[in-house]
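Structural features, examined
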Amino acid sequence: MTNPSEGFLDIIGLEENTREKSKLKVLIDNKSADANKEILVKIFDYIKTIYRTDKSTVLWWEGGSHSNPSTKIVSIEDIEFLHNLWERIVGNYLLFLPEQFEVTKFHQKEKDEEVFIGLCLVTYSQLIIKSPDGYEVLYLFLNK
């Protein structure tokens with residue numbers, strides 16, 4: 001049985017050879033879609049494992065799919081900020097990227113959210129993302 005989120009990899013604008021190397025894993029199945037403290041702590045556990053740091057750059061869109069994204073470097077101390085952000089941007093993606101992420105490299109090139117996510121995946125080889133509905137936290141990565 002295939003992962004229902006697997007279709008997401010088909011809409012993020014990857015070239016065919018990159019798409020063949022890309023993988024998606026559901027890290028957290030969030031049945032309530034809420035950003036409770038337990039979910040956010042789990043995300044930071046994954047950030048430590050995947051990025052090998054206690055901090056991450058979060059990236060989100062608020063003004064529709066063609067607006068410029070906003071970013072902020074966060075750590076576990078920012079759980080309240082993340083909870084409020086998660087609630088405020090319901091229906092939009094929330095990306096957890098490496099701390100050294102530079103949005104200026106991307107937002108001038110691509111305004112479409114899904115293609116932007118694909119560019120981030122190609123650049124960093126992995127990323128953590130909250131689905132727009134909040135029911136899943138995904139890990140996207142490229143096999144070498």
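What counts and how
Residues numbered from 1 in each chain as written. Predicted model: local features only at pLDDT ≥ 70, side-chain atom pairs only at ≥ 80, totals over all residues. Heavy atoms only, no water. Helix = DSSP H or I, 4+ residues; strand = E, 2+ residues; numbered from the N terminus. Contact = heavy atoms within 4.5 Å. Core = buried A, V, L, I, M, F, W, Y, C linked by side-chain atoms within 4.5 Å. Buried < 20%, exposed > 50% of the residue type's maximum accessible area, 1.4 Å probe, protein only. Polar contact = N/O pair within 3.5 Å; in protein donor to acceptor, adjacent residues only side chain to side chain. Salt bridge = Lys/Arg side-chain N within 4 Å of Asp/Glu carboxyl O.

Another aspect to go through is the overall build of the protein chain. Tallying secondary structure elements over the protein chain gives four helices and six strands in all. What you see in the protein chain, going N to C, is helices and strands ordered as α-β-α-β-β-α-β-α-β-β. Contacts in the protein chain between residues far apart in sequence, at least 24 positions, make up 61% of those at least 6 positions apart.

Below, the discussion takes up the nonpolar core. Within the largest apolar cluster, 45 residues are counted, with the highest numbers of intra-cluster contacts made by Ile43, Leu95, Ile117, Leu127, Ile128, Ile129 and Leu140. Among the elements that take part in this core, helix H2 (residues 37-51) stands out by supplying seven residues, more than any other. If sequence neighbours within four positions are ignored, Leu95 has contacts with Thr57, Val58, Leu59, Trp61, Ile117, Cys120, Leu127, Ile128 and Ile129.

Our focus in this paragraph is the environment of Ser56. When you line up the elements, Ser56 lands in strand E2 (residues 56-60). With 45 residues separating them in the primary sequence, Ser56 and Phe101 have C-alpha atoms 8.6 Å apart. In this view, Ser56 contacts Ile47, Tyr51, Lys72, Ile73, Val74, Phe96, Leu97 and Glu99; residues no more than four positions away in its chain are not counted. Among the polar contacts listed, one links the side chain of Ser56 to the backbone oxygen of Leu97, at a separation of 2.8 Å.

It is worth spelling out the pattern of salt bridges at this point. The final tally for this structure, using the stated rule, is four salt bridges. As a salt-bridge pair, Asp29 and Lys31 come within 3.1 Å of each other at their nearest N and O atoms. Given the relative accessible area of 67%, Lys31 is considered exposed.

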